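Breakdown of the fold
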Amino acid sequence: MNTMHRPDPEFVSSLEHELRSTIRRQERFRNGPSAGAAVIRKLRWTTIVVALAAMCIGSAGTYAVTHRLRAQMGHLIMAKAEAQLEFANARLELFGEEVQETESRAAAGLLAPTEVDEMRLEHAKLKADAAARALDVEEVRISGRDPDNSLSAPILRGRDFVTERLKLDRALALERVSRIDKEASRHGFDPDQSAMIAREQEAVRAALSIVEKRIALRQDYLSGASTAREVELAGMQFSVEPKREMARRRLDELQQELDRYRALFKDRLVSRSEVREVEVEFRAAALQLDLAELEMQILEEKLADQSEQ
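The following refers to the structure shown. The structure displayed is predicted, hence computed values, not measured ones. Throughout this description, residue numbers start from 1 for each chain and increase along the sequence as written. Where totals are concerned, whole chains, interfaces and linings use all residues; where local detail is concerned, this predicted model gives features only for residues with pLDDT of at least 70, and gives and counts side-chain atom pairs only at 80 or more. Note that water and hydrogens are dropped before the side-chain values are worked out from all heavy atoms of the structure.

Let us now look at the overall build of the chain. Numbering of helices and strands runs from the N terminus; a helix is a DSSP stretch of H or I covering at least four residues, while a strand is a stretch of E covering at least two. In terms of helices and strands, the chain carries seven helices and zero strands. Along the chain, from the amino end to the carboxyl end, the secondary structure elements read α-α-α-α-α-α-α. Partly exposed residues are those whose accessible area sits between 20% and 50% of the maximum for their type, while under 20% is buried and over 50% is exposed, using a 1.4 Å probe and protein chains only. By residue count, 26% of the 309 residues in the chain fall in the buried class. Counting contacts in the chain only where the partners sit at least 6 residues apart, residues at least 24 apart contribute 71% of the total. Every residue pair with non-hydrogen atoms within 4.5 Å of one another is taken to be in contact.

Here we come to the pattern of salt bridges. Whenever Lys or Arg places a side-chain nitrogen within 4 Å of a carboxyl oxygen from Asp or Glu, that contact is recorded as a salt bridge. Across all of its chains, the model carries 28 salt bridges by this definition. Between Glu122 and Lys125 there is a salt bridge; the shortest N-O distance is 3.4 Å. Separated by three residues within a single helix, Glu122 and Lys125 lie in helix α3 (residues 113-143), roughly one turn from each other. By relative accessible area, which is 30% here, Glu122 ends up partly exposed. Take Lys125: its relative accessible area is 31%, and that puts it in the partly exposed class. In the salt-bridge network here, residues are joined through shared partners; they are Arg91, Asp129, Arg133, Asp136, Glu139 and Arg165.

Before going further, it helps to examine unusual backbone geometry. One non-glycine residue, Arg157, lies in positive phi territory at about 50°. Structurally, the position occupied by Arg157 is in the loop between α3 and α4 (161-184). One non-glycine residue, Arg268, lies in the positive phi region at around 60°. Relative to the elements of secondary structure, Arg268 occurs in the loop between α6 (228-266) and α7 (272-308). Relative accessible area serves as the criterion here: at 77%, Arg268 is assigned to the exposed category.

Let us look at the nonpolar core. Among the nonpolar cores identified, the biggest contains 11 residues, and these are Ala247, Leu251, Leu254, Leu258, Tyr261, Val270, Val275, Val278, Phe282, Ala285 and Leu289. Elements represented by at least two residues in this core include exactly α6 and α7. To qualify as a nonpolar core, a set must consist of buried Ala, Val, Leu, Ile, Met, Phe, Trp, Tyr and Cys residues joined through side-chain atoms within 4.5 Å. Grouped together as the second largest cluster of nonpolar side chains are nine residues, Ala153, Ile215, Leu217 and Val231 included.

Mapped onto the elements of the fold, Arg250 is located in helix α6. Once the C-alpha coordinates of Arg250 and Leu289 are considered, the two residues, 39 residues apart in sequence, prove to be 9.1 Å apart.

Moving on, we come to the side chain of Asp160. On the secondary structure map, Asp160 appears in the loop between α3 and α4. In this structure Asp160 comes out as buried when scored by relative accessible area, which is 13%.

Moving on to the packing of helix α5 (residues 191-223) against α6. Note on definitions: angles span 0 to 180 degrees between N-to-C directions of axes, and those axes are lines fitted to C-alpha atoms, for helices only across the stretch in contact. Contact pair α5 / α6: the axes reach a minimum separation of 9 Å and the direction vectors enclose 170°. Comparing their axes, α6 and α5 come out roughly antiparallel. Where α5 abuts α6, its residues Arg199, Glu202, Ala203, Ala206, Ile210, Lys213, Arg214, Leu217 and Tyr221 lie against Ala228, Val231, Ala234, Gly235, Phe238, Ser239, Pro242, Met246, Arg249, Arg250 and Glu253. In terms of residue class, the contact of α5 with α6 is made up of 11 nonpolar, two polar and seven charged. Geometric relationships in this document are graded by angle, where less than 35 degrees denotes roughly parallel, more than 145 denotes roughly antiparallel, 65 to 115 denotes roughly perpendicular, and other angles denote oblique. Gly falls in the polar group here, along with every residue not listed as nonpolar (Ala, Val, Leu, Ile, Met, Phe, Trp, Tyr, Cys, Pro) or charged (Asp, Glu, Lys, Arg).

This part takes up the environment of Arg249. Summarising the element assignment, Arg249 is placed in helix α6. Separated by 40 residues in the primary sequence, Arg249 and Leu289 place their C-alpha atoms 9.5 Å from one another.

By this rule the span expected of a helix is its residue count minus one, scaled by 1.5 Å. Along its 39 residues, α6 runs 57 Å from first to last C-alpha, staying within 8% of the 57 Å computed at 1.5 Å per residue. Among all positions of α6, only Val231, Leu233, Ala234, Gly235, Gln237, Val240, Arg244, Ala247, Leu251, Leu254, Leu258 and Tyr261 are buried.

To continue, consider the packing of α4 against α5. Following both chains from N to C, one finds α4 and α5 inclined at 160°, their axes separated by 9 Å at the closest point. Judged by the angle between their axes, α4 and α5 are roughly antiparallel. Once α4 is placed against α5, the crossing between them reads as left-handed. The class makeup of the residues in the contact of α4 with α5 is 12 nonpolar, three polar and 11 charged. Crossings are sorted by hand: turned counterclockwise from the far helix by less than a right angle, the near helix makes the crossing left-handed, and turned clockwise it makes it right-handed.

For α5, which comprises 33 residues, the first-to-last C-alpha distance of 48 Å matches the rise-based estimate of 48 Å (1.5 Å per residue) to within 8%. Along α5, the residues classified as buried are Ile197, Gln201, Val204, Ala206, Leu208, Ile210, Val211, Arg214, Ile215, Leu217 and Arg218. Tucked into the core, α5 has its buried residues touching α4 and α6. Here a polar contact is taken to be a pair of N or O atoms separated by no more than 3.5 Å, where protein atoms must pair a possible hydrogen donor with a possible acceptor and residues adjacent in sequence count only if both atoms sit in side chains. For α5, the N-terminal cap is Asp190; the gap from its side-chain oxygen to the backbone nitrogen of Asp192 is 3.1 Å. Residue Gly224 follows α5 closely and has a positive phi angle near 90°.

As structure tokens, then:
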């Protein structure tokens, strides 16, 4: 059997034609690399420009949205501050009318001096609150944010709103001290009333001391003598330490009272429910002391960390 195959002439001619056509197409592509590269570079630059434009448009849109949201938030904060000021002024105005009536009744001898003093103190509190809310409105108008009453808050356009509010607090604390001292100077109190007045005197003096210390810390921060963290931690410590001491004294007093009630209960001079009331009060005071102790421990740890830095 013959295994040799002779190609058809027409097939060979057709194959040669296809080969020549393929070679010519390849030569055209080889002779035009610069044109192809130019097209590619143009496409790349177009893509980059479009991407940058999209990024810029996106950033501008984000800035516009953020700016609009901040402006809306600022308007809301201002509206809140103005509403609080309006409410404080309304309370002050209404109470002012009541003060006038009280003064008239006191002049006619229809009221006890203590009632008049309490009314005047409440009036002073409302005036201080209205003045503080007015400061809030002024601060929000400058900053566009909620009032910052921290000891490390910044000065805003030459205004130290923190110190101004602290001075209002100091004036009110002095008013409280004056009122309780005046009441303590009166006579005719039984031992329980005298003890209660003494505790109140201690409390108002402690409050005044805290305000004075906060004013001093604020000045330390503004002068650069203390850092923001130092004054904030010290301010918290000044607030917690008197609370702890008062809680400790109160617990000691209730311990004595509880012992006395238990002795009276043995003699059947008081009921079990009366003893239970003192026990509940004693337990509450013990929990308050524990809480104050924990707060002091936390602050002492923070202050220790600050000193090591």
